[in-house]
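The chain contents come next:
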Amino acid sequence: MSLEDRVEGLRARIQRACEAADRDPSGIELLPVSKRQPLSLIQEAAALGFTRFGENYVQEGADKAMAAPELQIVLLGPLQRNKAKPALQHFEEIQSLDRPELAERLRRLAEEQDLVRPVWIQVDLWEEASKLGGCTDRELPALIESLGEDPRLPLRGLMAIPPPDDQAAFGLMAALRERLQQELGRPLRLSMGMSGDLEVAIAAGSDQVRIGTAFFGAR
Ligand SMILES: *Cc1c(COP(=O)(O)O)cnc(C)c1O
């Protein structure tokens with residue numbers, strides 16, 4: 001199947017999921033996840049109109065950003081403190097912020113380098129996924145506090161990787177987003193849903209689905 005066919009198939013899936021959930025598809029971002037895919041394939045996707053791509057590894061994403069500066073690369077994978085500097089330099093957004101120490105380091109570096117980088121907080125309400133990153137419900141207030149409403153790191157939303165086939169888990173994330181929006185008094189986006197579960201995610205209220213294999217093929 002060609003990339004174009006896969007993208008068409010994905011758009012149809014998103015469309016159907018939106019119809020079922022009575023939602024407007026234009027409100028849902030399809031973010032291609034291009035980890036371990038060659039730049040040539042990413043450029044093929046760019047020719048179809050995609051400009052933002054999710055990457056998991058700092059070095060790989062930085063290499064791609066340098067090779068193709070017209071692309072906007074979003075960091076999805078766990079971020080070590082010692083990689084914070086290249087992450088800020090080469091990624092346009094950081095979706096895997098999950099601890100105060102990292103927020104503090106990013107704030108210091110963003111100020112030094114005079115950069116603005118939207119961030120998303122990665123949440124793990126299941127405490128199963130320390131290897132995937134994510135903060136617990138309990139750790140959230142301290143993390144939000146550590147961002148200090150710094151205009152250099154505006155908080156865009158919440159990102160999660162709920163356990164597959166666990167509808168309730170997607171619902172929990174949606175409820176958490178609602179609660180935080182109320183507490184903070186401003187809108188937050190919700191990024192959840194991957195190749196295998198975008199329908200469940202959209203039904204629960206996701207605003208961004210991050211699609212790897214169903215977009216680019218196997219990796
Ligand atoms: C790899 C990855 C994706 C995409 O996964 P697929 O199942 O290939 O669609 C989405 N989000 C994150 C955080 C990932 O690491």
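For clarity, every value in this text was computed on a predicted model and none was experimentally measured.

Participant: How should the site of the ligand be read in this particular structure?
Facilitator: In the region of the ligand, the neighbouring residues are Val 33, Lys 35, Asn 56, Leu 76, Ile 161, Met 194, Ser 195, Arg 210, Ile 211, Gly 212, Thr 213 and Arg 219. Between the ligand and the protein, one listed contact pairs an oxygen atom with a side-chain N or O atom of Ser 195 at 2.5 Å. Contact between the ligand and Gly 212: an oxygen atom at 2.7 Å from a main-chain N or O atom of the residue. Protein chains bury 88% of the 380 Å² of accessible surface belonging to the ligand in isolation. Taken together, the residues that form the shell around the ligand break down as five nonpolar, four polar and three charged.

Participant: What is the right way to read helix α7 (residues 167-184) from this model?
Facilitator: In an α-helix, one full turn covers 3.6 residues, which means residues spaced three or four apart are oriented alike. Helix length check: α7 (18 residues) gives 26 Å between terminal C-alpha atoms against 26 Å at 1.5 Å per residue, within 8%. Along α7, the residues that are buried comprise Ala 169, Phe 170, Met 173, Ala 174, Leu 176, Arg 177 and Leu 180. Taken around the axis of α7, the buried residues stretch over an arc of 160 degrees, which confines them to a single face. Of the residues in α7, the exposed ones pointing more than 90 degrees away from the buried face are Gln 167, Ala 168, Gln 182 and Glu 183. On its buried face, α7 sits against β5 (119-123), α6 (140-147), β6 (155-160), β7 (189-191) and α8 (198-204). Within two residues after α7, Gly 185 carries a phi angle of roughly 70 degrees, on the positive side.

Participant: I'm lost on the environment of Gly 157 in this one. Help?
Facilitator: For Gly 157, the location among the structural elements is in strand β6. When its relative accessible area of 0% is taken as the criterion, Gly 157 is described as buried. Taking the C-alpha atoms as reference points, Gly 157 and Gly 61, 96 residues apart in sequence, are found 21 Å from one another. Residues within four places of Gly 157 in sequence aside, it is in contact with Val 119, Trp 120, Ile 121, Leu 188 and Arg 189.

Participant: Explain the packing of aromatic side chains to me, please; I cannot follow it from the model alone.
Facilitator: Between two aromatic rings, the relevant description is the distance of the centres plus the angle of the planes. Scanning the entire structure with this criterion turns up three aromatic pairs. Ring geometry for Phe 50 against Phe 215: centres 5.0 Å apart, planes inclined by 85 degrees, an arrangement best described as edge-to-face. Highlighted residues: Phe 50 in the loop between α2 (39-47) and β2 (52-55) and Phe 215 in helix α9 (residues 213-216), separated in sequence by 165 residues. The same class applies to Phe 50 and to Phe 215, which are both buried.

Participant: Would you mind showing me how to read helix α5 (residues 100-113) here?
Facilitator: The end-to-end C-alpha distance of α5, which contains 14 residues, comes to 20 Å, matching closely the 20 Å that a straight helix rising 1.5 Å per residue would cover. Within α5 the residues assigned to the buried category are Leu 102, Ala 103, Leu 106, Leu 109 and Ala 110. The buried residues of α5 occupy one face: seen down the axis, they fall within an arc of 135 degrees. Residues of α5 that are exposed and angled more than 90 degrees away from the buried face: Glu 111 and Glu 112. Contacts from the buried residues of α5 go to α4 (84-90), β4 (93-97) and α6. In the stretch just after α5, Asp 114 is the one whose phi turns positive, near 55 degrees.

Rules and cut-offs
Residues numbered from 1 in each chain as written. Predicted model: local features only at pLDDT ≥ 70, side-chain atom pairs only at ≥ 80, totals over all residues. Heavy atoms only, no water. Near = heavy atom within 4 Å. Polar contact = N/O pair within 3.5 Å; in protein donor to acceptor, adjacent residues only side chain to side chain. Areas by Shrake-Rupley, 256 points an atom, 1.4 Å probe, with all protein chains shown as cover. Nonpolar A, V, L, I, M, F, W, Y, C, P; charged D, E, K, R; others polar. Helix = DSSP H or I, 4+ residues; strand = E, 2+ residues; numbered from the N terminus. Expected span 1.5 Å × (residues − 1). Buried < 20%, exposed > 50% of the residue type's maximum accessible area, 1.4 Å probe, protein only. Arc of directions from axis to C-beta. Contact = heavy atoms within 4.5 Å. Phe/Tyr/Trp six-rings, centres within 6.5 Å; stacked < 30°, edge-to-face > 60°.

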